[in-house]
Amino acid sequence: MSLTGGQRNDVTQLMPLLAAIPPVRGRRGRPRQSPGRVCAGRGYDHDTYRRQVRQKGITPVIARRGTAHGSGLGVHRWVAGQSIALLHWFGRLLIRWEIRDDIHEAFLSLACALICWRRLRNLAPGQDL
């Protein structure tokens, strides 16, 4: 997660967000340094950003503007929409009341941690986490 000003365009944060992804451990060997592909909505449909994502070795799966809805990307993009909906369950994040951005970012980090903890708790019933 990253926190920006309220009137910033989301596409400006695409490359810094991709650069902030830590190495993913998994199978034996060198950990992956970047994801294999990125799914995004029509708001990220800019050829310059597609080119920059490809230069990092990531396949961009971005819906084109002017195409019909129902292209199949919603199957993967619902995770982002659901995450935002879960963050809005925390009333303090729905409407920003804090003037200082560090306090708002702290509440955002706490909410993300709680959401992840609840997900992990529900995945492993009967096990102590």
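Preceding block: the structure.
The structure contained in this document is the topic of the report that follows.

Cut-offs and rules
- Residues numbered from 1 in each chain as written.
- Predicted model: local features only at pLDDT ≥ 70, side-chain atom pairs only at ≥ 80, totals over all residues.
- Heavy atoms only, no water.
- Helix = DSSP H or I, 4+ residues; strand = E, 2+ residues; numbered from the N terminus.
- Contact = heavy atoms within 4.5 Å.
- Salt bridge = Lys/Arg side-chain N within 4 Å of Asp/Glu carboxyl O.
- Buried < 20%, exposed > 50% of the residue type's maximum accessible area, 1.4 Å probe, protein only.
- Patch = residues over 30% accessible without salt bridge, like charges linked within 9 Å, V, L, I, M, F, W, Y side chains within 5 Å.
- Areas by Shrake-Rupley, 256 points an atom, 1.4 Å probe, with all protein chains shown as cover.
- 1 Å grid on protein atoms, 1.4 Å probe; cavity = no way out; pocket = protein on both sides within 12 Å on 5 of 7 lines; lining within 4 Å.
- Points joined across faces, edges and corners; volume = space filled by probe spheres on them.
- Nonpolar A, V, L, I, M, F, W, Y, C, P; charged D, E, K, R; others polar.

Comments concerning the environment of G43
Its location among the elements puts G43 in the loop between β1 (37–40) and α2 (47–55). In this structure, the C-alpha to C-alpha distance between G43 and N9, residues 34 residues apart in sequence, is 8.8 Å. Not counting residues up to four positions away in its chain, the partners in contact with G43 are V11 and R65.

Things to note about the pattern of salt bridges
Across all of its chains, the model carries four salt bridges by this definition. A salt bridge links R50 to D45, with the shortest nitrogen-to-oxygen separation between them at 2.9 Å. Judged by relative accessible area, which is 5%, R50 ranks as buried. Measuring nitrogen to oxygen at the nearest pair gives 3.3 Å for the salt bridge that ties D47 to R64. You can see D47 sitting in helix α2 and its partner R64 sitting in the loop between β2 (59–62) and α3 (74–87), a full 17 residues away along the chain. Under the relative-accessibility criterion, R64 is labelled partly exposed at 39%. Here the salt bridges do not stand alone but share partners, grouping D45, D47, R50 and R64 into one network.

What about a nonpolar patch on the surface?
Nonpolar side chains collect at one region of the surface, where L94, I95 and W97 lie side by side and expose about 370 Å² of accessible area between them. Counting through the fold element by element, I95 comes out in the loop between α4 (91–94) and α5 (101–123). With relative accessibility at 47%, the residue I95 sits in the partly exposed group.

Focus on the layout of surface pockets
Here the idea is plain: a probe the size of a water molecule rolls over the atoms and shows the empty space left. Of the pockets and cavities examined, the largest pocket occupies roughly 1,800 Å³. Together, 41 residues line the largest pocket, and M1, L17, A80, S83 and I84 are the ones closest to its centre. At the level of secondary structure, the elements contributing two or more residues to the lining of the largest pocket comprise α1 (14–19), β1, α3 and α5. Broken down by element, the residue count for the lining of the largest pocket peaks at ten residues, all from α3. Tallied by class, the residues present in the lining of the largest pocket amount to 22 nonpolar, 13 polar and six charged.

Function cannot be inferred from these measures alone, as they are strictly geometric.
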